[in-house]
Amino acid sequence: MTDFHTHSLFSGDADDTLENMVRAAIRAGCRYLCPTEHCNLDFARNRIDIEPSDLDGYAAEFARLRTKYAGQIRLTYGIELGYDMHCKSDYADIVKKYRFEYVINSTHLIDGEDCYHGYFDRYDVKTAFTNYLKAVRDSLDAPYRFDTVGHFGYVARNCPYENVDMYTAAPDLADDILKTMISRGVCLEANSSVRRAPQPCLPAANVLKRYRELGGESIVFGSDAHRTGDLFRSRSAVIEHLRNVGFKYHTVWDEGKKIQLKIEN
Ligand SMILES: [Zn+2]
Ligand SMILES: [Zn+2]
């Protein structure tokens, strides 16, 4: 069992304490876990209401839990940054200050506009996906170290239409993103919080296949759990799906050290 995208009360929008998340993971037989609390300077800058994350509290509690549960689970110190071009240098300072071992760079806003609630009411499908892809492409040039692009295809999580496809909306742009990630060693996340997006994970199967075709091999499973009950959400279905797409390994961090785990047959 592995999970590299989870939130606790330190994130401001989750339900359980970090210790309860860790204990639930141990009970489930998890070997590698990475809490990735939110850091949302993007929301704060654009006055979108979310309780701010407590990064100092998180740092202290993470250190305490790593010691307390040593021998039972391997914990990696992670963060999920909400990319915003106007917050780039502040994020660079935060990444330097806290020395996170695993950094997810996620796009939740497009030019300061929330792309989760009502985005497809304001833009047609092609424009919505193209705007999202442009924002993700911009996020790749962030001036700080990050390991993974979070939930690629996020804009589709709350899309009201069926059978819509991000890749075909702007294939050249999507390819540029995937090729840039591969050339820079940035991992792709298989995020199992899908809601209305294609199953069983984000990004959709055609994007995962294209990433493989282009030579991409670094894929990281994350449930995006905001409560203990969502840890490892759909994990076996996602791993099976990744195997069918052609992945032979998935990537985890062992207390901050990147390793590849074989996907068993
Ligand atoms: Zn996110
Ligand atoms: Zn998240």
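Residues numbered from 1 in each chain as written. Chains lettered and ligands numbered in written order. Predicted model: local features only at pLDDT ≥ 70, side-chain atom pairs only at ≥ 80, totals over all residues. Heavy atoms only, no water.

(A) Examining the overall build of the protein more closely. A count of helices and strands for the protein gives 10 helices and 12 strands. Here the C-alpha atoms of the protein give a radius of gyration of 17 Å, agreeing with the 18 Å that 2.2 N^0.38 yields for 265 residues. With the C-alpha coordinates aligned to their principal axes, the bounding extent of the protein is approximately 50 × 45 × 30 Å. A buried classification covers 56% of the 265 residues belonging to the protein. Across the protein, contacts joining residues at least 24 apart in sequence account for 75% of those joining residues at least 6 apart. Carbon and sulfur atoms make up 46% of the accessible area of the protein, which amounts to about 11,500 Å² in all. Once the 34 positive and 39 negative side-chain charges of the protein are each reduced to a mean point, those two points are 6 Å apart. (Helix = DSSP H or I, 4+ residues; strand = E, 2+ residues; numbered from the N terminus. Rg over C-alpha atoms; globule rule 2.2 N^0.38 Å. Buried < 20%, exposed > 50% of the residue type's maximum accessible area, 1.4 Å probe, protein only. Contact = heavy atoms within 4.5 Å. Areas by Shrake-Rupley, 256 points an atom, 1.4 Å probe, with all protein chains shown as cover. Lys, Arg positive; Asp, Glu negative; His and termini not counted. Charge placed at Lys NZ, Arg CZ, Asp CG, Glu CD.)

(B) Quick peek at the coordination of the zinc ion (ligand 1). Listed as protein donors to the zinc ion (ligand 1) are Glu80 (OE), His108 (NE2) and His151 (NE2); their distances from the metal cover 2.1 to 2.2 Å. All donors of the zinc ion (ligand 1) come from a single chain, and their spacing in sequence reads E-x27-H-x42-H. (Donors = N, O, S within 2.8 Å, 3.2 Å for Na, K, Ca; no water.)

(C) Examining the pairing of strand E11 (residues 249-254) more closely. In terms of residue burial, E11 counts as a mostly covered element, since 5 of its 6 residues are buried. With 6 bridges connecting them, E11 and strand E12 (residues 257-262) associate as antiparallel partners. Paired with Tyr249 across the strands is Lys262, a residue of E12. Once E11 ends, the chain turns through 2 residues before running back antiparallel as E12, passing Glu255 with a positive phi of about 50°. (Pairing = 2+ DSSP bridges.)

(D) The arrangement of the layout of surface pockets in detail. Here the largest pocket is characterised by a volume of approximately 470 Å³. What lines the largest pocket is a set of 24 residues, and nearest its centre among them are Asp13, Tyr116, Tyr154, Arg157 and His226. Here the residues of the lining of the largest pocket are counted per class, giving 5 nonpolar, 9 polar and 10 charged. In this structure, the second largest pocket encloses a volume near 250 Å³. Contributing to the lining of the second largest pocket are 18 residues, with Leu109, Ile110, Asp111, Gly112 and Ala135 lying nearest its centre. Put simply, the parts of the chain that give the lining of the second largest pocket at least two residues each are strand E6 (109-110) and helix H6 (125-139). Per element, the largest residue contribution to the lining of the second largest pocket is 4 residues, and it comes from H6. Residues belonging to the lining of the second largest pocket are distributed by class as follows: 7 nonpolar, 5 polar and 6 charged. (1 Å grid on protein atoms, 1.4 Å probe; cavity = no way out; pocket = protein on both sides within 12 Å on 5 of 7 lines; lining within 4 Å. Points joined across faces, edges and corners; volume = space filled by probe spheres on them. Nonpolar A, V, L, I, M, F, W, Y, C, P; charged D, E, K, R; others polar.)

(E) Main features of the coordination of the zinc ion (ligand 2). Surrounding the zinc ion (ligand 2) are the protein donor atoms His5 (NE2), His7 (NE2), Glu80 (OE) and Asp224 (OD), at 2.1 to 2.3 Å. One way to put it: the 4 donor atoms around the zinc ion (ligand 2) meet at angles of 80 to 170°, and that makes the site irregular. Written as a sequence motif, the donor arrangement for the zinc ion (ligand 2) is H-x1-H-x72-E-x143-D. The zinc ion (ligand 1) is placed at 3.5 Å from the zinc ion (ligand 2), the two being bridged by Glu80. With His5 in strand E1 (residues 2-6) and Glu80 in strand E4 (residues 78-82), this pair connects stretches of sequence that are 75 residues apart. Classification of Glu80 as buried rests on a relative accessible area of 0%. (Tetrahedral: all angles 85-135°; square planar, octahedral: opposite > 155°, others 65-115°.)

(F) Examining the packing of aromatic side chains more closely. Counted by the stated rule, this structure contains 17 aromatic pairs. Note on Phe10 and Tyr58: the rings are 6.0 Å apart at their centroids and 40° apart in plane angle, and the pair reads as tilted. Taken as a pair, Phe10 in the loop between E1 and helix H1 (18-27) and Tyr58 in helix H3 (residues 55-68) lie far apart in primary sequence, 48 residues in all. Accessibility classification places Phe10 together with Tyr58 in one group, the buried group. Aromatic ring contacts, followed pair by pair, group Phe10, Tyr58, Phe62, Tyr77, Tyr98 and Phe100 into a single cluster. Lying over the aromatic face of Phe247, Arg212 brings its terminal NZ or CZ to 5.4 Å of the ring centre. (Phe/Tyr/Trp six-rings, centres within 6.5 Å; stacked < 30°, edge-to-face > 60°. Lys NZ or Arg CZ within 6 Å of the ring centre and 35° of its normal.)

All we've got here are geometric facts, nothing functional implied.
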